[in-house]
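# Topology and contacts: notes
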Amino acid sequence: MDRVRTVRKAVIPVAGNGTRFLPATKAVPKEMLTIVDRPVVQYAVDEARQAGIEHIVFVTSRNKQVIEDHFDDAPELISSLSRSGKSAQISELEAMLPAAGSVSFTRQQAPLGLGHAVWCARDLIGDEPFALLLPDMVSFGARGCMAGLMDLYNEVGGNVVGVEQCAPEEASKYGIVGKGETVRHGFSVTEMVEKPAAGKAPSNYYLNGRYILQPEIFSILAHQTRGAGNEIQLTDGMLTLSQSQSFHAHPYEGRTFDCGSKQGFIEANVAFALARADIGDIVFESVRDMVLSHESRIRAA
């Protein structure tokens, strides 16, 4: 195996319109909707940092300025908190503030798909391998999913994807990978199929929105023909890249919530709230009482 080049940069696409969450996303980017008290995008940034990422490239679109503001200093707010003696809140805000020069923003001027959004980051990534985190997919576990991908990448190099297992009958809803030879932190990928026909999936391992990709993907995406939805699909580009480079998959031991859907977003809020030492017990009691009341109404109906 050739020398494994260090992954220093990550791309986080935040250009989507969030139409599934209207009217909430009419004026607020979907990535700024909160899971408990942190916006969805913050979880992706924290996960990238945990995995050792040094520089994050956000691919944005119009009306996303608030995301840039979130990752910027807020001297007026800090001053107000200081006057109120709220040192804990100040410490939390300072801890999440990126180091100067460690965050970049670039625009995707037209909604042409995930592949196109990734391609828009090409000049900021350069000729380096990079991580890709889809912020709608929020990792929940003792360790973020990207850290596991980094372990596997450092072992085998090439390209690495995060996967989880779904019920076999639900495989047609996802991008599915074929399972090959087992390695220490995962397995080799034999094929990738986007939403396979019922009963035709090569496995029940689905792509969970975490990737480490080699820079050759950019030249492929530059000439990639439009696929599903008349958009430039990242999976199509990865399939082309897999003809000349290896792909491996890391099965995530935690759980990923699809916060691009209402169900996943609500489930994530409950899961993260229950895991909190400050509010977990109170939330548990409230949720339990609501579930019991709901079951009682169903039985009475």
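This write-up is about the structure you can find in this document. (Residues numbered from 1 in each chain as written. Predicted model: local features only at pLDDT ≥ 70, side-chain atom pairs only at ≥ 80, totals over all residues. Heavy atoms only, no water.)

Here we take up the packing of helix α3 (residues 75-83) against helix α4 (residues 87-96). Where α3 contacts α4, the axes come no closer than 8 Å and their chain directions differ by 155°. The angle between α3 and α4 falls in the class roughly antiparallel. With respect to the hand of their crossing, α3 and α4 are arranged in left-handed fashion. On α4, the residues that touch L77, I78, L81 and S82 of α3 are Q89, I90 and L93. A breakdown of the residues in the contact of α3 with α4 according to their chemical character gives 5 nonpolar, 2 polar and no charged. (Axes fitted to C-alpha atoms, helices over the stretch in contact; angles between N-to-C directions. Helix = DSSP H or I, 4+ residues; strand = E, 2+ residues; numbered from the N terminus. Parallel < 35°, antiparallel > 145°, perpendicular 65-115°, else oblique. Left-handed = near helix turned anticlockwise from the far one by under 90°. Contact = heavy atoms within 4.5 Å. Nonpolar A, V, L, I, M, F, W, Y, C, P; charged D, E, K, R; others polar.)

Bringing the side chain of K64 into the picture now. Position of K64 relative to the elements: it lies in the loop between β4 (55-60) and α2 (65-70). Apart from residues no more than four positions distant in its own chain, K64 is found in contact with V14, A15, G16, P29 and E31.

The next thing to look at is the environment of E231. Considering the arrangement of structural elements, one finds E231 in the loop between α8 (216-222) and α9 (234-241). Sequence separation between E231 and I12 is 219 residues; the distance between their C-alpha atoms is 18 Å. Setting aside chain neighbours within four positions, we find E231 in contact with P111, L112, G113 and R226.

Everything listed here is a matter of geometry and, on its own, says nothing about what the molecule does.
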